[in-house]
Amino acid sequence: MRIDIITLFPEMCEAVMSESIIGRARKSGAIEVNCHQLRDYAFDKHRRVDDAPYGGGMGMVMMAEPIALCFEDICRKVEARPHFIYMSPQGKTLTQDKLKQLAEYQNVCLLCGHYEGVDERLIEEYVDEEISIGDYVLTGGELPALVLADSLSRMIPGVLSDDECFEQESHYNGLLEYPQYTRPSVWRGKEVPPVLMSGHHKNIENFRREQSLVRTAQKRPELLEKSDLSQEERLALKNRFFGK
Ligand code: 4HQ
């Protein structure tokens, strides 16, 4: 997959996308990431990319033309037209299901907004989808774009190592993770659950599954509806939390 990010802060995006697993994936060629300075597509001598809103009111609006020129430039460099996403609180909230869909695209382009947003005509003409990372207000679209680029990248084959992939597979479908422990076996008087020290693989598996179920029921009960539990497990949880 190739990810293009249109931003007023390409160094910020480049920095985040150069470290750790994503940095490694770019070096190995599993993904390609390009961060574009929107100001390079401004056409006046002050390199302006924003202007006052028609109809008056506070703040500034990002002009359509520099964004269109930047996107058209990206389109010329790739085989397939990128799926164009505008990071915005007005979009649907990003979920793991949405990431699964997005991972199918060969090219994705992320637009980071600033100020009061982007000229609506650019959105109508070019944007395929608006996506939010949650119901809170940020100062710009860079952090949302980076959250999307990071979580999307780890879905792409070759980005995660075998060990890192295993972490993903061991996610009990839609449930929270079971608790983890490492050395020492006693830390400040607190012991590791003995079953994990027993070497009994079946008991360990059962313990972890139960922990995942109980934690999800306690902390994020709304996740249980969508997760695939056996009839037996649903009944066991019901008895545990609503008494027999
Ligand atoms: N913003 N999820 C305002 C967000 C946001 C979010 C991005 C702030 C766009 C203009 N984007 N700018 N939450 O708060 O995606």
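What comes next concerns the included structure. Since this is a predicted model, take the numbers as computed values, not measurements. (Residues numbered from 1 in each chain as written. Predicted model: local features only at pLDDT ≥ 70, side-chain atom pairs only at ≥ 80, totals over all residues. Heavy atoms only, no water.)

Considering the layout of surface pockets
Then step 1. In this model, the second largest pocket occupies a volume close to 460 Å³.
Then step 2. Together, 25 residues line the second largest pocket, and Y86, M87, S88, P89 and G117 are the ones closest to its centre.
Then step 3. At the level of secondary structure, the elements contributing two or more residues to the lining of the second largest pocket comprise β5 (83–93), α5 (120–126) and β7 (129–132).
Then step 4. When residues in the lining of the second largest pocket are grouped by element, the largest group, 5 residues, is from β5.
Then step 5. Looking at the lining of the second largest pocket residue by residue, the classes come out as 12 nonpolar, 10 polar and 3 charged. (1 Å grid on protein atoms, 1.4 Å probe; cavity = no way out; pocket = protein on both sides within 12 Å on 5 of 7 lines; lining within 4 Å. Points joined across faces, edges and corners; volume = space filled by probe spheres on them. Helix = DSSP H or I, 4+ residues; strand = E, 2+ residues; numbered from the N terminus. Nonpolar A, V, L, I, M, F, W, Y, C, P; charged D, E, K, R; others polar.)

Describing the packing of helix α8 (residues 201–219) against helix α10 (residues 231–242)
Then step 1. Between α8 and α10, the least distance of the axes is 11 Å, while the angle of their chain directions is 55°. Judged by the inter-axis angle, α8 sits oblique to α10. Crossing angle aside, the handedness with which α8 passes α10 is right-handed. Of the residues in α10, those touching α8 at R209, E210, L213, V214, A217 and Q218 are E233, L237, R240 and F241.
Then step 2. Of the residues that constitute the contact of α8 with α10, the class distribution is 5 nonpolar, 1 polar and 4 charged. (Axes fitted to C-alpha atoms, helices over the stretch in contact; angles between N-to-C directions. Parallel < 35°, antiparallel > 145°, perpendicular 65-115°, else oblique. Left-handed = near helix turned anticlockwise from the far one by under 90°. Contact = heavy atoms within 4.5 Å.)

Digging into the sheet that holds β5
Then step 1. Strand order in the open sheet formed by 5 strands is β2-β1-β6-β5-β7, with parallel pairing between adjacent strands. The open sheet has two edge strands with one neighbour each: β2 (32–37) and β7. The average undirected angle you get between the axes of adjacent strands in this sheet is 35°.
Then step 2. Sitting on the sheet, helix α3 (residues 64–77) touches β1 (2–7), β2, β5 and β6 (107–111), and the angle it makes with β1 is about 160°. (Pairing = 2+ DSSP bridges.)

Some thoughts on the site of the ligand
Then step 1. Within the structure, the ligand sits among 15 residues, and S132, I133, G134, Y136 and L138 are positioned closest to it.
Then step 2. Between G134 and the ligand, the recorded distance is 3.2 Å, taken from a backbone N or O atom to a nitrogen atom.
Then step 3. Y136 has a polar backbone atom sitting 3.0 Å from a nitrogen atom of the ligand.
Then step 4. In the complex, 94% of the free accessible area of the ligand, which totals 360 Å², lies under the protein chains.
Then step 5. When atom positions are compared with the pocket grids, the ligand is found to occupy the second largest pocket.
Then step 6. Secondary-structure elements contributing two or more residues to the shell around the ligand are β5 and β7.
Then step 7. Examining the composition of the shell around the ligand, we find that 3 residues originate from one element, β5, more than from any other. (Near = heavy atom within 4 Å. Polar contact = N/O pair within 3.5 Å; in protein donor to acceptor, adjacent residues only side chain to side chain. Areas by Shrake-Rupley, 256 points an atom, 1.4 Å probe, with all protein chains shown as cover. Sits in = over half its atoms within 2 Å of the grid points.)

Considering the pattern of salt bridges
Then step 1. Counted according to the given criterion, the structure contains 15 salt bridges.
Then step 2. One salt bridge connects D40 with R47, and the closest N-O pair in it is separated by 2.9 Å.
Then step 3. Between R220 and E222 there is a salt bridge, and its shortest N-O distance comes to 2.7 Å. (Salt bridge = Lys/Arg side-chain N within 4 Å of Asp/Glu carboxyl O.)

Some details on the packing of aromatic side chains
Then step 1. Within this structure, the stated rule accounts for 2 aromatic pairs.
Then step 2. Here F71 and F84 contribute two aromatic rings whose centre-to-centre distance is 4.2 Å and whose plane-to-plane angle is 5°, an arrangement assigned as stacked. One end of the pair, F71, is in helix α3; the other, F84, is in strand β5, with 13 residues separating them in the sequence. Note on accessibility: F71 and F84 belong to one class, buried. (Phe/Tyr/Trp six-rings, centres within 6.5 Å; stacked < 30°, edge-to-face > 60°. Buried < 20%, exposed > 50% of the residue type's maximum accessible area, 1.4 Å probe, protein only.)

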